[in-house]
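# Chain and residue survey
Residues per chain, in single letters:
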Amino acid sequence: MKQLRTLEDLSLEQLEAILYKANQMETALFKQGDTPISVANLFFEPSTRTKCSFEMAQKELGLHSLQFDVGSSSVQKGETLYDTIKTLETIGCKAVVVRHPEKAYYDELDNISIPIINAGDGAGDHPTQSLLDLLTIQQEFVIFQGVHVVICGDIRHSRVARTNANILRKLGAKVSFAGPEDWMDESITQGNVISMDDAVKSADVMMMLRIQTERHGDAGGWSKKDYHDQFGLTVDREKMMRNHAIIMHPAPVNRDVELASELVECTRSRIFKQMRNGVLVRKAVLAYVLDLMEVKTYERAI
Ligand code: CP
């Protein structure tokens, strides 16, 4: 069964095919039968971009979205994640999109026979965020080989950092990290830690991350101003960036903490492009798991 729990579920060929199809999704039309296919969206953690872009992707594909409200559901009476999803499968959903605070929550769902699309599992993975980040980098640089991506900030607690570092290395990009020493994680950085000033001078992509206060509460004891001055992409640091270099951020942005407010919509920023790419990638992933498209054979976009 096709699933997307982590990017390990995809061969590099399947991953490239999804990126290729995502690029075509602005104009693609899908044939639908009389009964729309239902997909359930289960968000156990807050979300704006992932939740709304999955809903938009489902709408644009002609699918029916079943919005599952955790707060008014029997989850409040102790229903397990497995029993919730088994119920949705039984009543006719053909796939589920799940964001959950527990890392690798999908490990307890082996007996579910509809595809699970991971919309973020704790500090584990965020595969559709990585796919939209890859699409954005590919649209900019065409190939990944040799592109220097610096991931900056709260590396240890970020599912985006972990997933992106793994897949970008596999695709041949050079991946470095910058940020507070306490938030570096050798299993992610593999020793490639540089200063913020070196980062801005050498990066093709500055990928800024939000401090994940929901996972470690105290923001490391940093005041917003001290953090911004030491580890943020300030207006002065942006001036040191290479001419062609771009700024990315999975958002939400904490303005004037990891990124100066003036830079959120500057010419280098691809933050809002990432969001539209999120719809395209999620359409491509839904089409992939529901077999709405053929992904085994494709023409390379480049
Ligand atoms: N980037 C991202 O996952 O944003 P949301 O938490 O708003 O979905």
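That block above? That's the structure.
Residues numbered from 1 in each chain as written. Predicted model: local features only at pLDDT ≥ 70, side-chain atom pairs only at ≥ 80, totals over all residues. Heavy atoms only, no water.

Time to look at the site of the ligand. The environment of the ligand is formed by Ser47, Thr48, Arg49, Thr50, Arg99, His126, Gln129, Pro250 and Ala251. For the ligand, a nitrogen atom lies 2.8 Å from a polar atom in the backbone of Pro250. Given that more than half its atoms are within 2 Å of the pocket grid, the ligand belongs to the largest pocket. Of the residues belonging to the shell around the ligand, the class tally is two nonpolar, five polar and two charged. Shared between two domains, the shell around the ligand holds at least three residues of each, these being domain 1 (12-125 + 276-290) and domain 2 (128-268). (Near = heavy atom within 4 Å. Polar contact = N/O pair within 3.5 Å; in protein donor to acceptor, adjacent residues only side chain to side chain. 1 Å grid on protein atoms, 1.4 Å probe; cavity = no way out; pocket = protein on both sides within 12 Å on 5 of 7 lines; lining within 4 Å. Sits in = over half its atoms within 2 Å of the grid points. Nonpolar A, V, L, I, M, F, W, Y, C, P; charged D, E, K, R; others polar. Domains from an automatic or database assignment.)

Pairing between the strands of a sheet is mediated by backbone hydrogen bonds and can be parallel or antiparallel. Read across the open sheet, the four strands follow the order β6-β5-β7-β8; overall the sheet is parallel. Since the sheet does not close on itself, it has two edges, and those belong to β6 (174-178) and β8 (246-248), each with one partner. Taken over all neighbouring pairs, the strand axes of this sheet differ in orientation by 20° on average, direction set aside. Here four bridges tie strand β5 (residues 148-152) to strand β7 (residues 205-208), and the two strands are oriented parallel to one another. In the sheet register, Val150 faces β7, and the bridge partner there is Met206. (Pairing = 2+ DSSP bridges. Helix = DSSP H or I, 4+ residues; strand = E, 2+ residues; numbered from the N terminus. Axes fitted to C-alpha atoms, helices over the stretch in contact; angles between N-to-C directions.)

Once that is clear, we can look at the sheet that holds strand β3 (residues 95-100). A sheet is described by the order of its strands in space; here four strands give the open sequence β2-β1-β3-β4, paired in parallel fashion. With one partner strand each, in any of the chains shown, β2 (64-68) and β4 (116-121) form the two edges of the open sheet. Strand-to-strand twist in this sheet, taken as the mean axis angle between neighbours without regard to direction, amounts to 15°. Bridge count between strand β1 (residues 38-43) and β3: five bridges; the pairing is parallel.

All right, on to the environment of Pro36 then. Residue placement: Pro36 occurs in the loop between α1 (12-24) and β1. On the accessibility criterion, Pro36 (42% relative accessible area) is partly exposed. Separated by 235 residues in sequence, Pro36 and Ile271 have C-alpha atoms that sit 32 Å apart. With sequence-adjacent residues up to four places away left out, Pro36 is seen in contact with Gly62 and His64. (Buried < 20%, exposed > 50% of the residue type's maximum accessible area, 1.4 Å probe, protein only. Contact = heavy atoms within 4.5 Å.)

There is a patch of like negative charges on the surface, built from Glu102, Asp107, Glu108 and Asp110. Within the secondary structure layout, Glu108 lies in the loop between β3 and β4. Under the relative-accessibility criterion, Glu108 is labelled partly exposed at 39%. (Patch = residues over 30% accessible without salt bridge, like charges linked within 9 Å, V, L, I, M, F, W, Y side chains within 5 Å. Areas by Shrake-Rupley, 256 points an atom, 1.4 Å probe, with all protein chains shown as cover. Salt bridge = Lys/Arg side-chain N within 4 Å of Asp/Glu carboxyl O. Lys, Arg positive; Asp, Glu negative; His and termini not counted. Charge placed at Lys NZ, Arg CZ, Asp CG, Glu CD.)

Ranked by internal contacts, the top residues of the largest apolar core, which has 55 residues, are Leu15, Leu131, Ile137, Ile151 and Val205. Broken down by element, the residue count for this core peaks at nine residues, all from helix α11 (residues 271-289). Excluding its chain neighbours within four sequence positions, the residues that come into contact with Leu131 are Leu4, Leu7, Leu15, Ile18, Leu19, Val281 and Val285. Core analysis: the second largest hydrophobic core is formed by 25 residues, Val200, Met208, Val264 and Cys266 among them. (Core = buried A, V, L, I, M, F, W, Y, C linked by side-chain atoms within 4.5 Å.)

In short, the description is geometric, and any link to function would need to be established separately.
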